[in-house]
Amino acid sequence: MSNKPLIVLWGSPNSGKTIATVKLAQALAAHRKNVLVIFSDALCPSVAAIVPGQANEQKSLGELLSLPSLAQEDLLHYSLALKGSPHLAFLGYKKGDHIFSYADYSRERAVDLLTLARHTADVVLVDCASYVSSYLLSTVALELADVIFRFHNCDLKSLMFYASYLPLLSDARFQHAETIPILSNVKPGQDNRAYSQVVGGIRFLLPHVAALEQQALEARLMDPLPSGKDATLYQEGISHMMRLIIPEDVQKPHKSPAAATGKASVAPWFKKQLEHWRGDRK
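Please read all numbers here as calculations on a predicted model, not as lab measurements. Per-chain numbering applies: the sequence of each chain, read as written, is numbered from 1 onward. Local features in a predicted model are, by the rule used here, given only for residues with pLDDT of at least 70; side-chain atom pairs are given and counted only at 80 or more, and totals for whole chains, interfaces and linings are based on all residues. In computing side-chain properties, one takes all heavy atoms of the structure into account and sets aside hydrogens as well as water.

**Let's talk about the pairing of strand β6 (residues 147-152)**
Residues in a regular strand point their side chains to alternate faces of the sheet. Worth spelling out the cut-off: Any residue under 20% of the maximum accessible area for its type is buried, any over 50% is exposed, and the rest in between are partly exposed; the area is computed with a 1.4 Å probe on protein chains only. A run of DSSP states H or I qualifies as a helix once it reaches four residues; a run of E qualifies as a strand once it reaches two. Both are numbered from the N-terminal end. Think of it this way: DSSP has to see at least two bridges between two strands before they count as a pair.
Summarising burial for β6: six of the six residues are buried, a large majority. Judged from the five bridges that link them, strand β1 (residues 6-11) and β6 form a sheet pairing that is parallel. Bridge pairing in β6 places Ile7 opposite Val147. Note: β6 against strand β7 (residues 178-186), six bridges, orientation parallel.

**Description of the packing of helix α1 (residues 17-30) against helix α10 (residues 229-245)**
The test is simple: Whenever a helix is involved, its axis is fitted only over the stretch in contact; in every case the axis is a line through C-alpha atoms, and angles between N-to-C directions fall within 0 to 180 degrees. Handedness of a crossing follows from how the near helix is turned relative to the far one, being left-handed for an anticlockwise turn of less than a right angle and right-handed for a clockwise one. The contact rule is simple, with two residues in contact once any of their heavy atoms fall within 4.5 Å. Three classes are used: nonpolar for Ala, Val, Leu, Ile, Met, Phe, Trp, Tyr, Cys and Pro, charged for Asp, Glu, Lys and Arg, and polar for all others, with Gly counted as polar.
Their axes nearest at 10 Å, the elements α1 and α10 cross at an angle of 65 degrees. For the pair α1 and α10, the sense of crossing is right-handed. Two secondary-structure elements touch here, α1 through Ile19, Ala20, Lys23, Leu24, Ala27 and Leu28 and α10 through Tyr234, Ile238, Met241, Met242 and Ile245. Among the residues forming the contact of α1 with α10, the class breakdown is ten nonpolar, no polar and one charged.

**Topic: the packing of aromatic side chains**
Stated precisely, the cut-off is as follows: Two rings from Phe, Tyr or Trp (for Trp, the six-membered ring) form a pair when their centres are within 6.5 Å of each other. A pair whose planes differ by under 30 degrees is stacked, one over 60 is edge-to-face, and the rest are tilted.
Counted under the stated rule, the structure contains five aromatic pairs. Grouping aromatic residues by their ring pairs yields a cluster made of Trp10, Tyr131, Phe161 and Tyr165.

**Side note on unusual backbone geometry**
Of note in this structure, Asn185 is not a glycine but carries a positive phi near 55 degrees. When you line up the elements, Asn185 lands in strand β7. With relative accessibility at 23%, the residue Asn185 sits in the partly exposed group. Even without glycine at this site, Ala219 takes up a positive phi of about 55 degrees.

**Quick notes on the sheet that holds strand β2 (residues 35-39)**
Strand order in this open sheet of eight strands is β3-β4-β2-β5-β1-β6-β7-β8, and the pairing throughout is mixed. Two strands close off the open sheet at either side, each with one partner strand: β3 (80-81) and β8 (204-207). Pairing of β2 with strand β5 (residues 123-127), which is carried by five bridges, proceeds in the parallel orientation. For Ile38, the partnering residue across the bridge sits in β5 and is Val126. Strands β1, β2, β5 and β6 of the sheet are contacted by helix α6 (residues 136-144), whose axis makes an angle of about 120 degrees with β1.

**Re the pattern of salt bridges**
Quick note on the threshold: Definition used for salt bridges: Asp or Glu carboxyl oxygen within 4 Å of a side-chain nitrogen of Lys or Arg.
Applying the stated criterion across every chain, the model contains six salt bridges. The residue Glu143 makes a salt bridge to Arg107 at a minimum N-O spacing of 2.4 Å. Of the two residues, Glu143 sits in helix α6 while Arg107 sits in helix α5 (residues 107-120), which places them 36 residues apart along the sequence. For Glu143, a relative accessible area of 7% corresponds to the buried category. Across the pair Arg203 and Glu178 runs a salt bridge whose closest N-O atoms are separated by 3.8 Å. In this pair, Arg203 sits in the loop between α8 (192-199) and β8 while Glu178 sits in strand β7, placing the two residues 25 residues apart along the sequence.

This is the structure in structure tokens:
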């Protein structure tokens, strides 16, 4: 893995990828890692539903990919620095965007974007579209990733989805990354052992947390994790994911993920991004 890891979260629809992406980003930010989260799905833009209070400040990933050329300044300009979270920035499609909102872009453009992102942030998280064959950025992210967290549900639809995409994932261009299979959104009464055996190689599971699902429904994913047994198990899973990304840092004293939304000194990358944002508002 490089010193500036590119981490991809991918899997079947409704497997909790976006929720896990946000909670993992918060956990990394609590360790004072500058985290850029790229939401690559144009079919259902996520950012406005995660930070609705900043939706009118967001610039579109689609517009960034359509620029004549890309530079680090462009990446900073289009990234949304989160208020109260100096180590976090989001990049994704805007509310109202769809797959035909912008012109097609080349594979080289996707590579350039992800390379710039890796050189800009300490950790880059890519929340991939499930149907990667329809989204070039998601496909390229899977090719270039250092770690792929592969999400599965405990249901037959998820198994059929995985079986359909297995030939694609078996391509040699996806084989250099470490793939971490996760059984996600596991609900009480579901036979997770049986599904783990069918999928094979499951490293750990993330339980269904009703209060966390409610956060997502109410556009409050940036709130701290709720309390309770299932939430504790979920947080343990997120910590496990984090140890696979920054193992040398996990044992150091740090603030809880909830503290990532509090006041803190602004890291240089986010300070520069904030300056861009403030300049646009003048």
